[in-house]
Amino acid sequence: MNIKTELLTDPRHSKLIAMRIATYACTSDAAFKELMHCFLSDDFRLAQRAAYSVSIGSKQKPAAIQPYIGVLVSQLKRTGIHDAVIRNSARVLEDISIPEEFHGELMDACFALVQNRQTAIAIRAFSLTILFNLCKIYPEIKNELRVIIEESMEFETPAFRSRGKKILKYIAV
């Protein structure tokens, strides 16, 4: 399978196509590398379509995404790319163990995303979860996270408030 061709052939990208590509990408390191190459492409449409397959693939085979954690962290800070790339990077990062070398950069990126009201809500919600996960390692960021959530609650969407309330419940302890 040529992943790039598969991602771009059908004018209507679907969950079924994304799952088929992710399953194929998980068959070998070379195939997953090909998917990541598409994900990191400057081609707006290709990167957008590859993003969902990366997210699915990382759940199917978590070890496959490990070499690319630094890449996912750096995606959170990029501008001029499709929201799907940032959203799926954050979705993957909220569910995996992050090596310590990326913690500082990841915290900075997530705090910036959470505080930017122009950022898509799904990205902000995933970033809240990443920060909550990092609170378990760095309890000193709990207060900053709590303040950001509490100050934002009345102006936020239901999705943000829901995630925020859950996090506040756990960090208040």
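Just so you know, these numbers come straight off a predicted model, no measurement behind them.

Cut-off values and rules
The residue numbers shown here count from 1 along each chain, following its written sequence. Note on the predicted model: pLDDT of at least 70 is required for a residue's local features to be given, and 80 or more for side-chain atom pairs to be given and counted; whole-chain, interface and lining totals, by contrast, use all residues. Calculation of side-chain values draws on the structure's entire complement of heavy atoms; hydrogens and water are dropped beforehand. The helix and strand labels rest on DSSP assignments: H or I over at least four residues marks a helix, E over at least two residues marks a strand, and numbering proceeds from the N terminus. In this scheme, a residue with accessible area under 20% of its type's maximum is buried, one over 50% is exposed, and one in between is partly exposed, where area comes from a 1.4 Å probe on protein chains only. Only heavy atoms matter for contacts: two residues are in contact if any of them lie within 4.5 Å across the pair. With residues, only the protein chains shown are counted as cover, and all accessible areas are computed by Shrake-Rupley using a 1.4 Å probe. Positive charge is attributed to Lys and Arg, negative charge to Asp and Glu, and no charge count is given to His or to the chain ends. Taken as the charge location is NZ of Lys, CZ of Arg, CG of Asp or CD of Glu. Here, expected helix span is obtained from the residue count minus one, scaled by 1.5 Å. Within this document, salt bridges are pairs made up of a side-chain nitrogen of Lys or Arg and a carboxyl oxygen of Asp or Glu, the two lying within 4 Å of each other.

## Focus: the overall build of the protein
Across its full length, the protein carries eleven helices and zero strands. Moving toward the C terminus, one meets the helices and strands of the protein in the order α-α-α-α-α-α-α-α-α-α-α. Per-residue burial for the protein yields a buried fraction of 47% across its 173 residues. In the protein, once contacts between residues fewer than 6 apart in sequence are set aside, the share between residues at least 24 apart is 64%. Counting every atom, the protein has about 8,900 Å² of accessible surface; 54% of that belongs to carbon and sulfur. Separation of charge centres in the protein, based on 23 positive and 19 negative side chains, amounts to 7 Å.

## Focus: helix H8 (residues 103–115)
The end-to-end C-alpha separation of H8 is 18 Å, in line with the 18 Å expected for 13 residues at 1.5 Å each. Three or more residues of H8 are buried, namely His103, Leu106, Met107, Ala109, Cys110, Phe111, Leu113 and Val114. Elements that come into contact with the buried residues of H8 comprise helix H6 (69–75), helix H7 (83–93), helix H9 (121–135), helix H10 (142–152) and helix H11 (158–171).

## A word on the pattern of salt bridges
As enumerated under the stated definition, the model contains eight salt bridges in all. A salt bridge links arginine 78 to aspartate 42; the nearest nitrogen and oxygen atoms lie 3.9 Å apart. Remark: aspartate 42 occurs in the loop between helix H3 (29–39) and helix H4 (44–60) and arginine 78 occurs in the loop between H6 and H7; sequence separation between them is 36 residues. Here arginine 78 falls in the partly exposed class, since its relative accessible area comes to 27%. Between glutamate 105 and lysine 77 there is a salt bridge, with the nearest N and O atoms lying 2.5 Å from each other. Pair noted here: glutamate 105 is in helix H8 and lysine 77 is in the loop between H6 and H7, with a separation of 28 residues, a long-range link. According to the relative accessible area criterion, lysine 77 is partly exposed, its value standing at 46%. Put simply, Arg117, Arg124 and Glu156 are held in one network by salt bridges that share partners.

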